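Residues per chain, in single letters:
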Amino acid sequence: MSFINVSFFLFILLGMIIYYLVPKKFQWFILLVLSVIYYCSFSFKCAYALIYITTIIFVAGLLLTKLDKDCKIACKKEVDSVKLSREEKKVIKAKYTRKRKAVVAIACVLGFGLLALIKYTGFTVSNLNAVFGLSIKTPSFLVPIGLSFFTFQGISYVIDVYQGKCDACTNYLKMLLFVSFFPQIMQGPIGRYNHFVEGGLFAEHKWDLRRVQFGAQRIGWGLFKKLVLADRAGVLVTAVTNTSTIYGGYINVLTLLMYSIQLYMDFSGGIDIVIGVAEIFGVTMDENFRQPYFSKSIGEFWRRWHISLGAWMKDYIFYPFSLTKAMNNLGKWGRKHFGKHFGTVIPICLANLLIFFIVGIWHGAEWRYVIYGIYNGLIIAVSAALKPYFKKWLKFFHINGESKGWHIVQIIRTFILVNIGWICDISALGMRWGIDFTLGLFKNYHLSQLRLSYLSCFGLAAYDYAILLVGCLIIFIVSLLKERGVNIRESIALKPIALRWVIYYGFFVMILILGYIGTTSGFMYANF
Amino acid sequence: MKVSNESNKLDEPKINKKRNKKSHIKEYAYLKSVLFIVGLIIIIAACDFVFAKEGYVYDILQVLHQGYEVDADGNISEDISSETSGFDTIILGASHGRSAIDPDKIDSVLGTNTLNVCIPGETVKDSYYLLLEAAKSNQIKNLILDVDYQYYLGNQDEGYFEEAFIYNQLSWTSYVKYKYIIDNMNKLDFRNAISKRDVYRHSLCDIKGNIAHRFSKAYLDANIYKLAVEDCGGPYEGKGFFYRLQTDCFDSNFMDSDAFSYDTKVSDVSRKYFEKIKDFCDENGINLICVTSPITPSSYDILHIDEIHVTMSDFFNDYGVTYIDYNKASFDVLYRCDSDFVDAEGHMCGELAVRYSALLANNLSELKNNKDISLILNEVYGGVN
């Protein structure tokens, strides 16, 4: 049930009608039924993964709560009418903490174990075969849709319960809804349990026409990004990257720019649809993008791009890892030998390298994604390490680091670095192709490559480029307004009705007439 | 107490006024929403009117709905009366069928009223929905299904955007359109479902042409004689048949790529829709006969026609459906050579089509008179089956 098929719209419409007709206390159950139907429409067999993850995290959550209660009871116990001493309480707490940690560890192993088994066994086996000259048969598994997303989401719940950030859910079906909530199961965002609760996943919702209208507008905005811009830009990207021919020069640059457009519009457009659908049902979801191409550094980029993944990595890997005893000791050693700055920065750099290694392999079981992750991690690590020197250089060259001009330079620099990272993404034909493509960025520049007659060889006509240009301008203006804190939907809602309707109808007509028609109609992140 | 009661009484009208105002605002909001949706429908209709380049599919569907066809001058034949129940025989298939089977030849032998609804690119799925559409406004008694192996073997995709090119032209008043939506909702792009987006042309020239076309008499009368039809290859002879003219530039490259990787199995999608066609025919007392019009002789070996013949014969035998493969027709029964075709793929020229149609009509007549099919096949294939 793709977001652009008739079935999806009928599904939302019927679901919405039933949702607001049933007694409010059953609304969450209707969402669960819709989620199960939605998931099973792709593959009934893959539902086992949903049940598996839900069961693990549900049991883990209950166990953690029980252990916490038992610990409190044990600490309050009196022996011969004498309360326990502080030391005795400490011992008891340590014992229960070890047990609780074990529960979290087992849940992680079971959860991530399934993910690793299904997504990474083939990669591991093929590399073992290549390195050691073995001929182990590469197993193939049916990959449940959204496996990465709901596994990460489920494990975040377990860790949040452990850390006391949220209470354990005592209703298995509500837990299943949290894991399988249908708008976001295919491509995120990776939600947090307490955010979902606060966002109204299990709450009772009254019919609100304005909220439904806003949700529909958000869906329309997502469709505009996907159909008019992403699919169109993807035509050139596919034409260039699906062939072993390396064009070089302006074509390579244009390919990267088009990929930037395609990836951002596709992913953020899909997320807009997800958030819009959730809004229709009264559920508020976390934003997953915040004008990422306005970032002034790679670190900032990852706080604006796929925000939920970055936040997950930060909360559940970066902080725990950088605060371990080993990292503390490393920090002390670093301060002793390299000074205060490097002592502080070394554990942070290692933590960044670790999380971006994981981000890389999260994207796919291929070496190019590992390289992609390490590339980003290295830039962030080196930037952190050289931060004091950057400040000195700015001072030396009399550059005002807070000036608008310098910010623009930083934005352009970051955009270039991000685009270089995308080379890994587009190198589906192999690393050799990726290297040749990268080298092609520095040679074979001919102005004739910019002629429309030449550019049309890549599947896009002159008006396609014009549509992309105008579309990107619209996106840029909207992003600029959002960056300045303007709530665009609210401000449009305050405009006269005639103007509002011109805008809404205008976008509808653009989607209908200018939406690209071709084979690139699936969402890129739907296979994670 | 007395004072507060009085003050409550004074507040009541104010409260009621506020309540009424709120409910008016709510009703106004819903009214706006309804008007907005109506506006959307109008905009879609306007976009279809301006951008959709309607062509042969629309025209032949109009003839099908009418149950009759106007002549070249736009006049309705005197034979058409209020008692006429439209066409009783339809021919379904793709481009091969449109240039190969002349309905007039069928009618002159069988006394039927045949319409050739073969459309270039028509898949087995399309044939099913066209059959439903035909049966809606005509009392169909016979269905001749022209079987082009390209739509049965190899990879038959569903859900690609252009697939809905025939569905797009069905009327919103037709139940078949809604049935298509429901049957294909998991594959149908929403843009295709609500508009004729597949045939939109945006250039100013096209827009002018589209609008002018819609106001032309030929369009309004569905007078295909006067309408420009792409890739027809020759003059329109009526009832869906185009008399392809022989050409000096024989297209030897126009070959289906799947032909070289031929399968021994009919694709699941084609099988599914053929079953639906057969079931519909059985339920509605429609005689179903499947034929394969002959293709260019020099292509036989390249396309493994012998093997394809076995696959398709076995396929139709499994369903107990009469199937005549005229590729196997002996050259004594139906002489043909490459110059009788415009391309290697097998689009027949008019001259051969007339002879082939006569042979087909004769065989259909024999079947109607309960002649054994194996005898007919023996005669057609020249004793080699």
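Computed from a predicted structure; not experimentally measured.

The rules behind the values
Residues numbered from 1 in each chain as written. Chains lettered and ligands numbered in written order. Predicted model: local features only at pLDDT ≥ 70, side-chain atom pairs only at ≥ 80, totals over all residues. Heavy atoms only, no water. Helix = DSSP H or I, 4+ residues; strand = E, 2+ residues; numbered from the N terminus. Buried < 20%, exposed > 50% of the residue type's maximum accessible area, 1.4 Å probe, protein only. Contact = heavy atoms within 4.5 Å. Areas by Shrake-Rupley, 256 points an atom, 1.4 Å probe, with all protein chains shown as cover. Lys, Arg positive; Asp, Glu negative; His and termini not counted. Charge placed at Lys NZ, Arg CZ, Asp CG, Glu CD. Rg over C-alpha atoms; globule rule 2.2 N^0.38 Å. Buried area = accessible area lost by both parts, 1.4 Å probe. Salt bridge = Lys/Arg side-chain N within 4 Å of Asp/Glu carboxyl O. Polar contact = N/O pair within 3.5 Å; in protein donor to acceptor, adjacent residues only side chain to side chain. Nonpolar A, V, L, I, M, F, W, Y, C, P; charged D, E, K, R; others polar. Axes fitted to C-alpha atoms, helices over the stretch in contact; angles between N-to-C directions. Parallel < 35°, antiparallel > 145°, perpendicular 65-115°, else oblique. Left-handed = near helix turned anticlockwise from the far one by under 90°. Core = buried A, V, L, I, M, F, W, Y, C linked by side-chain atoms within 4.5 Å.

A. How the structure looks around the overall build of chain B. Secondary structure assignment for chain B yields 13 helices and seven strands. Summarising its shape, the C-alpha atoms of chain B cover approximately 115 × 45 × 45 Å along the three principal directions. With 385 residues in all, chain B has 51% of them scored as buried. In chain B, the share of contacts with a sequence separation of at least 24, taken over all contacts with a separation of at least 6, comes to 80%. Counting every atom, chain B has about 18,400 Å² of accessible surface; 54% of that belongs to carbon and sulfur. Side-chain charges in chain B split into 39 positive and 59 negative, and the spacing between the mean points of these groups amounts to 17 Å.

B. Expanded view of the overall build of chain A. Secondary structure summary: chain A contains 21 helices and two strands in total. In terms of overall dimensions, chain A is globule-like: its C-alpha atoms have a radius of gyration of 26 Å, near the 24 Å expected for 528 residues. Taken over the C-alpha atoms alone, chain A extends approximately 95 × 70 × 60 Å along its principal axes. Considering chain A as a whole, with its 528 residues, one finds that 50% of them fall into the buried category. Sequence-distant contacts, at least 24 apart, represent 78% of the contacts inside chain A between residues at least 6 apart. If you sum the accessible surface of chain A, you get close to 25,400 Å²; carbon and sulfur atoms cover 68% of it. If the 55 positive side-chain charges of chain A are averaged to one point and the 26 negative ones to another, these points end up 5 Å apart.

C. Focus on the interface of chain B and chain A. Residue-level contacts link 28 residues of chain B with 25 residues of chain A. Of the roughly 2,400 Å² buried at the junction of chain B and chain A (both faces included), carbon and sulfur atoms supply 71%. It is B:F36, B:F190 and B:R191 in chain B that bury the most area against chain A; as a group they hold 27% of the surface buried on that side. Taken together, the connections running from chain B to chain A amount to zero salt bridges. One can count 15 residue pairs in polar contact (both at pLDDT 80 or more) joining chain B with chain A. Counting residues per element, the ones that place at least two in the side of chain B that touches chain A are helix 1 (2-51) and helix 7 (190-194) of chain B. The element that contributes the greatest number of residues to the side of chain B that touches chain A is helix 1 of chain B, accounting for twelve residues. Among the residues making up the side of chain B that touches chain A, the classes are represented as 17 nonpolar, five polar and six charged.

D. Summary view of the packing of helix 3 (residues 47-76) of chain A against helix 6 (residues 172-180) of chain A. Residue and element names in this part refer to chain A. Where helix 3 contacts helix 6, the axes come no closer than 9 Å and their chain directions differ by 125°. Accordingly, the angle class assigned to the pair helix 3 and helix 6 is oblique. Of the two elements, helix 3 crosses helix 6, and the hand of that crossing is right-handed. Here helix 3 contributes L50, I51, T54, T55, I57 and F58 to the contact with helix 6, which in turn contributes Y172, M175, L176, F178, V179 and S180.

E. Expanded view of the nonpolar core. Core analysis: the biggest nonpolar cluster contains 148 residues, and A:Y157, A:F178, A:M258, A:F281, A:W305 and A:W422 have the highest contact counts within it. At 17 residues, helix 9 (residues 249-280) of chain A tops the list of elements feeding residues into this core. The residues contacting A:W305, other than those within four sequence positions of it, are A:L263, A:Y264, A:F267, A:N288, A:F289, A:P292, A:Y293, A:W422 and A:Y525. One finds B:L153, B:F165, B:Y180 and B:L303 within the second-largest nonpolar core, a separate group that totals 65 residues.

F. Quick peek at unusual backbone geometry. Here A:G188 and A:P189 are connected by a cis peptide whose omega angle stands at 5°. Tracing the sequence through the fold places A:P189 in the loop between helix 6 and helix 7 (193-198). Positioned with a positive phi, A:Q291 is a non-glycine residue whose angle comes to about 45°. Looking at the element boundaries, A:Q291 is found in the loop between helix 9 and helix 10 (298-304). Judged by relative accessible area, which is 8%, A:Q291 ranks as buried. You will see that B:H304, though not glycine, has its phi angle at about 55°, which is positive. Tracing the backbone through its elements, the reader meets B:H304 in the loop between strand 6 (287-292) and helix 11 (305-318).

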